[in-house]
Amino acid sequence: MTRRIPAEPFPFVVDTAALGLVVIDMQRDFLEAGGFGSSLGNDTRPLRAIIPTVRRLLDGFRVLGRPVIHTRECHRPDLSDCPGAKRSRGRPCLRIGDLGPLGRVLVAGEPGSEIVPELAPRPGESVIDKPGKGAFCRTGLDDLLRRLGVRQLVVAGVTTEVCVQTTMREANDRGYECLLAADATASYVPGFKTATLSMITAQGAIVGWTALTGTILGALQ
Ligand code: C5J
């Protein structure tokens, strides 16, 4: 069934049988004090503020019965998938792999790498662990989406200008169409979010579309 979702820069025409939801990195390491994000000096509150909206989007897709995919940015315990250039970047008080209040920073299986409890994946939902910022880089996401018959993505999560935008650009290059839920994504730096939404929709949706969660769910019902 085809639906028309009012969106920027123009309506997103969706084939509901080809639609999936991708929720990027809503992990304790990014959303809680003591995690990776706060170790880089960030205030985590803007990220925590979107939890109820992401939950609304998740619940909407669950009711629709469309595929839900969660991603987590994390590394193997031996850090063999973490380039030195990534580990050494910035001046964090904790580096990737160091032991912090949420366990080892950005390491799979540690408490900090888990998705916050309010948004915990349900049985049947896919979870993609990714070593990079983009969810297609060294993961099985492309294969998974093809298996599921998904060609159009609603995207949510954090942070807008890093992992969300990188994933949307990767998806775009692979032929997927992406609609970003503008109130279900956040950045530690609010100005970066605003700029990213503009970049995505510029030049006739060069990366994708944006719309509010209520608008998306309203059009899909
Ligand atoms: C960052 C992410 N910001 N999930 N990761 O390092 O955006």
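Further up the page is the structure itself.
Everything numeric in this text was worked out from a predicted model, so none of it was measured. (Residues numbered from 1 in each chain as written. Predicted model: local features only at pLDDT ≥ 70, side-chain atom pairs only at ≥ 80, totals over all residues. Heavy atoms only, no water.)

In terms of helices and strands, the chain carries nine helices and ten strands. The C-alpha radius of gyration of the chain comes to 17 Å, within 12% of the 17 Å expected for a compact globule of 221 residues. For the C-alpha atoms alone, the extent of the chain along its principal axes is close to 50 × 35 × 30 Å. Burial analysis of the chain (221 residues in total) assigns 54% to the buried set. A fraction of 72% describes how many contacts in the chain between residues 6 or more apart in sequence connect residues 24 or more apart. (Helix = DSSP H or I, 4+ residues; strand = E, 2+ residues; numbered from the N terminus. Rg over C-alpha atoms; globule rule 2.2 N^0.38 Å. Buried < 20%, exposed > 50% of the residue type's maximum accessible area, 1.4 Å probe, protein only. Contact = heavy atoms within 4.5 Å.)

Right, let's get into the packing of aromatic side chains. Enumeration over the complete set of coordinates arrives at four aromatic pairs. For the pair F136 and Y176, a centre-to-centre distance of 5.7 Å together with 35° between the ring planes defines the contact as tilted. Taken as a pair, F136 in the loop between β7 (126-130) and α6 (141-148) and Y176 in the loop between α7 (160-173) and β9 (177-186) lie far apart in primary sequence, 40 residues in all. Each member of the pair F136 and Y176 is classed as buried. A network of ring pairs unites the aromatic residues F10, F12 and W209 as a single cluster. (Phe/Tyr/Trp six-rings, centres within 6.5 Å; stacked < 30°, edge-to-face > 60°.)

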